[in-house]
Amino acid sequence: MAALPAVERRAPDVILRNGRVFTMDDAQPRAEAFAITDGRLTAVGSTADVMNLKGSATQVIDALGRPVFPGFIDAHTHPAWGGVEEITAVNCDLGSIELIKAAIRKRALQTQRGEWVMGFKYDDTKPLEKRRLRLEDLDEAAPDHPVAIKHRGGHLNWFNSRAFALAGITVNTPDPAGGAFFRRDGRLDGGVAEKALEAFASVIPRSATREQRHQGVALMAKLMTAAGLTSVHDVECSPAHLTSYQDAYQAGELRFRVYVLVQGYAPIYKNLKDAGVYGGLGDDRLRIGGVKFLADGSAQERTMRMSTPYVGRPDDYGILTMSQDEIDLAADEADRLGFQIGIHANGDVAIDMVLKAFEKVKAKRLKPDYRPRIEHCSLVNPDLLKRIKAVGAIPLPFYTYAHYHGDKWVEYGPEKMQWMFAHRSFLDYGIPVAPASDYIPGPFEPLMGIQSMVTRKDYAGRVWGPNQRITVAEALKICTMGGAYASFEENLKGSITAGKVGDFVILEKDPHQTDPDAIKHIPVVRTVVGGKTVHSLE
């Protein structure tokens with residue numbers, strides 16, 4: 001039995017017994033039981049050995065032979081943003097444009113004339129009509145209100161005529177660098193991409209209250225822990241989002257652990273620098289770890305910057321949102337000030353630019369263990385893989401995208417998909433890949449992520465990039481130890497090991513023995529964070 005020294009032990013607060021425990025610890029891969037004291041694992045071994053430690057007040061959880069894993073980690077997600085949208089906006093994850101229009105119309109009738117109607121989770125490939133929203137759709141649904149509908153990916157919005165008028169945008173307004181106003185037949189079409197969205201920043205109200213933001217975090221913590229997540233990395237955290245995490249923490253409603261990368265282009269980063277704060281501030285429940293920048297467009301919205309064009313759009317290579325000089329400066333400053341850096345780079349062109357910046361930093365830094373993050377790192381090639389390995393960068397490819405967003409991959413084609421979300425290649429090159437949903441843009445359920453990485457099969461049964469399939473065991477390791485390594489926390493979490501935090505999940509079925517196409521349907525029986533049950537079906 002692996003255990004802390006006896007002098008450090010007292011009767012455990014919690015014992016799990018009779019489990020098929022997959023520890024993710026190479027020194028002790030399997031166990032039956034473990035003990036938790038003061039939120040930390042204190043012993044891991046057989047049921048008989050661990051039960052010898054039981055005290056009169058020890059809570060005993062009987063796994064009944066079910067599979068048990070370390071708590072799952074989502075290393076790139078946006079719970080605070082998602083939570084406030086769930087609380088305040090119209091959910092446009094609906095089956096048709098007509099249903100979306102009806103939902104907008106209903107909210108407009110409940111909203112004072114002239115005030116904004118906001119929607120989110122719109123996905124242009126999901127509606128029955130197989131076309132995108134148009135300006136006239138939104139004009140028809142809410143003629144007396146300005147309307148803004150956010151694409152699920154977060155890089156595109158759709159607006160109606162009133163919204164464009166308030167922003168002062170006409171068909172003759174030029175596209176800004178790094179952005180676009182969509183046009184059709186010589187008219188505005190309603191869509192707005194990337195940096196062009198800044199034109200609406202001053203006219204869209206920031207209407208969510210502090211209490212609504214708090215409620216949003218509490219809601220997402222409940223939903224995500226029910227899916228088996230015990231730790232999340234909020235990548236691109238704003239001051240309001242950070243406050244909402246603190247409010248939920250103080251209220252005892254922050255069910256998961258949060259590692260934060262703040263917005264690099266917003267005042268929060270400057271304020272932290274001015275205050276002398278650097279990465280690591282906080283505790284094992286809520287910690288500021290680094291800073292995030294954005295270098296190109298979106299994979300699912302088909303705007304990421306590539307060296308070859310999109311299928312059917314021979315002149316469209318995607319959008320860059322930072323120059324090489326800007327990326328170089330961001331990487332250098334973050335490292336000098338003690339912040340872990342994450343740069344959003346989807347396309348191979350953007351990834352190349354980001355790696356150039358990381359290589360310059362590593363060449364002159366004296367400190368060991370450089371772990372810059374490439375957020376998304378969607379389209380790679382052998383040269384990029386070698387450089388990622390050499391510089392020590394951590395890629396965070398989308399883990400639910402191959403399954404959930406299948407209709408979008410037609411615009412990349414089968415050749416590119418052999419190198420997108422390249423979990424197999426990352427592992428083969430010895431690169432420590434991390435798990436990432438990017439919720440709201442992608443579903444956050446880690447079991448869907450595991451299924452997607454294992455099958456590369458979308459919801460319609462189409463297979464995208466089968467050469468990038470990995471095993472269930474590899475996917476589970478990514479979702480645990482891979483997530484911990486991405487935040488310098490591999491000695492704190494990610495495996496069921498004495499001394500680490502007592503975070504674990506009990507599943508109804510073993511993913512190793514389940515039909516790969518049904519992994520996402522496995523019930524999460526129990527989720528425990530620091531020895532405290534935060535979700536239970538029992």
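Described in the following lines is the structure provided in the data block. (Residues numbered from 1 in each chain as written. Predicted model: local features only at pLDDT ≥ 70, side-chain atom pairs only at ≥ 80, totals over all residues. Heavy atoms only, no water.)

**Brief notes about the packing of helix 6 (residues 210–226) against helix 7 (residues 239–250)**
Then step 1. Contact geometry for helix 6 and helix 7: axes closest at 8 Å, N-to-C directions at 65 degrees. Between helix 6 and helix 7, the angle is such that the two are roughly perpendicular. Taken as a pair, helix 6 and helix 7 cross one another with a handedness that is right-handed. Residues Arg-210, Arg-213, His-214 and Val-217 of helix 6 form the contact with helix 7, whose participating residues are Ala-240, Thr-243, Ser-244, Tyr-245, Asp-247 and Ala-248.
Then step 2. The class makeup of the residues in the contact of helix 6 with helix 7 is four nonpolar, three polar and three charged. (Axes fitted to C-alpha atoms, helices over the stretch in contact; angles between N-to-C directions. Helix = DSSP H or I, 4+ residues; strand = E, 2+ residues; numbered from the N terminus. Parallel < 35°, antiparallel > 145°, perpendicular 65-115°, else oblique. Left-handed = near helix turned anticlockwise from the far one by under 90°. Contact = heavy atoms within 4.5 Å. Nonpolar A, V, L, I, M, F, W, Y, C, P; charged D, E, K, R; others polar.)

**A short note on the pairing of strand 11 (residues 117–122)**
Then step 1. Counting buried positions over the six residues of strand 11 gives five, a clear majority of the element.
Then step 2. Of the pairings in the sheet, the one linking strand 10 (residues 90–91) to strand 11 comprises two bridges and is parallel in character. Opposite Val-90, over in strand 11, you have Gly-119 as the bridge partner.
Then step 3. Where the polypeptide runs from strand 10 across helix 3 (residues 97–109) and back to strand 11, its parallel neighbour, the crossover connection is right-handed.
Then step 4. Bridging between strand 11 and strand 12 (residues 147–151) involves four bridges; their strand directions are parallel. By the bridge assignment, Val-117 is partnered in strand 12 with Val-147.
Then step 5. With respect to chirality, the unit in which strand 11 leads through helix 4 (residues 135–141) into the neighbouring parallel strand 12 is right-handed. (Buried < 20%, exposed > 50% of the residue type's maximum accessible area, 1.4 Å probe, protein only. Pairing = 2+ DSSP bridges. Right-handed = clockwise from strand over helix to strand, strands pointing away.)

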